[in-house]
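# Observations on the model geometry
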Amino acid sequence: GSGGAAANSASARADEKNRLQIVAEQPCWISSRVDGVKGREYTMQPKDSLVFTYANSLEVTFGNAGGVTMVHNGRDVGKPGRLGQRATITFPRQGE
């Protein structure tokens with residue numbers, strides 16, 4: 001018998017990335033810091049979608065926090081703030 005399939009399933013989780021999807025409803029400027037490394041800056045337009053993947057930490061600054069919605073690891077986590085408000089969100093968040 002070849003029963004070695006279960007042996008490598010535990011190590012597969014170690015390099016799994018976390019995923020944050022941002023969907024814009026209004027124009028919104030965004031900058032990111034992924035695992036401590038400063039990333040690009042983006043200007044999103046309505047219906048634009050952006051996906052960040054990270055291993056340990058993700059920090060996203062929104063110029064129009066009420067103009068976007070966020071989905072973190074498949075879970076809808078809503079808007080990062082109010083319309084016209086600047087907000088910085090760090091993942092993973094408390095309790096996640």
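What this report covers is the structure whose coordinates are included nearby.

Each value, and the rule that gives it
Residues numbered from 1 in each chain as written. Predicted model: local features only at pLDDT ≥ 70, side-chain atom pairs only at ≥ 80, totals over all residues. Heavy atoms only, no water. Phe/Tyr/Trp six-rings, centres within 6.5 Å; stacked < 30°, edge-to-face > 60°. Helix = DSSP H or I, 4+ residues; strand = E, 2+ residues; numbered from the N terminus. Buried < 20%, exposed > 50% of the residue type's maximum accessible area, 1.4 Å probe, protein only. Pairing = 2+ DSSP bridges. Axes fitted to C-alpha atoms, helices over the stretch in contact; angles between N-to-C directions. Core = buried A, V, L, I, M, F, W, Y, C linked by side-chain atoms within 4.5 Å. Contact = heavy atoms within 4.5 Å.

## Side note on the packing of aromatic side chains
Under the defined criterion, the tally for this structure stands at 1 aromatic pair. Relative to Phe52, the ring of Tyr42 has its centre 5.8 Å away and its plane inclined at 75°; by these criteria the two rings are edge-to-face. Remark: Phe52 occurs in strand S4 (residues 49-54) and Tyr42 occurs in strand S3 (residues 37-44); sequence separation between them is 10 residues. The pair formed by Tyr42 and Phe52 is uniform in burial state, with each residue classed as buried.

## Things to note about the pairing of strand S2 (residues 28-34)
Looking along a regular strand, one sees the side chains alternate between the two faces of the sheet. Alignment of S2 against S3, held across 6 bridges, turns out to be antiparallel. Bridge pairing in S3 places Ser31 opposite Glu41. Between S2 and S3, which pair antiparallel and follow one another directly, the connecting turn spans 2 residues, one of which, Asp35, has a positive phi of 50°. Relative to strand S5 (residues 58-62), S2 is paired through 5 bridges, and the arrangement is antiparallel. Note on S5: the bridge partner recorded for Ser31 is Thr61.

## Focus: the sheet that holds S4
With respect to topology, 4 strands assemble into an open sheet ordered S4-S1-S6-S7, the strand pairing being antiparallel. Looking at strand neighbours, the two that pair on one side only are S4 and strand S7 (75-78), the edges of this open sheet. This sheet shows a mean twist of 25° between the axes of neighbouring strands, independent of strand direction. With 3 bridges connecting them, strand S6 (residues 68-72) and S7 associate as antiparallel partners. Paired with His72 across the bridge in S7 is Arg75.

## Focus on the nonpolar core
Core analysis: the largest hydrophobic core is formed by 20 residues, its most contacted members being Ile22, Ile30, Phe52, Val60, Phe62 and Phe91. Residue assignment for this core shows that the elements contributing at least two residues are strand S1 (18-24), S2, S3, S4, S5, S6 and strand S8 (87-91). Excluding residues within four positions of it along the chain, Phe52 makes contact with Asn18, Arg19, Leu20, Ile22, Ile30, Ser32, Val34, Tyr42, Leu58 and Val60.

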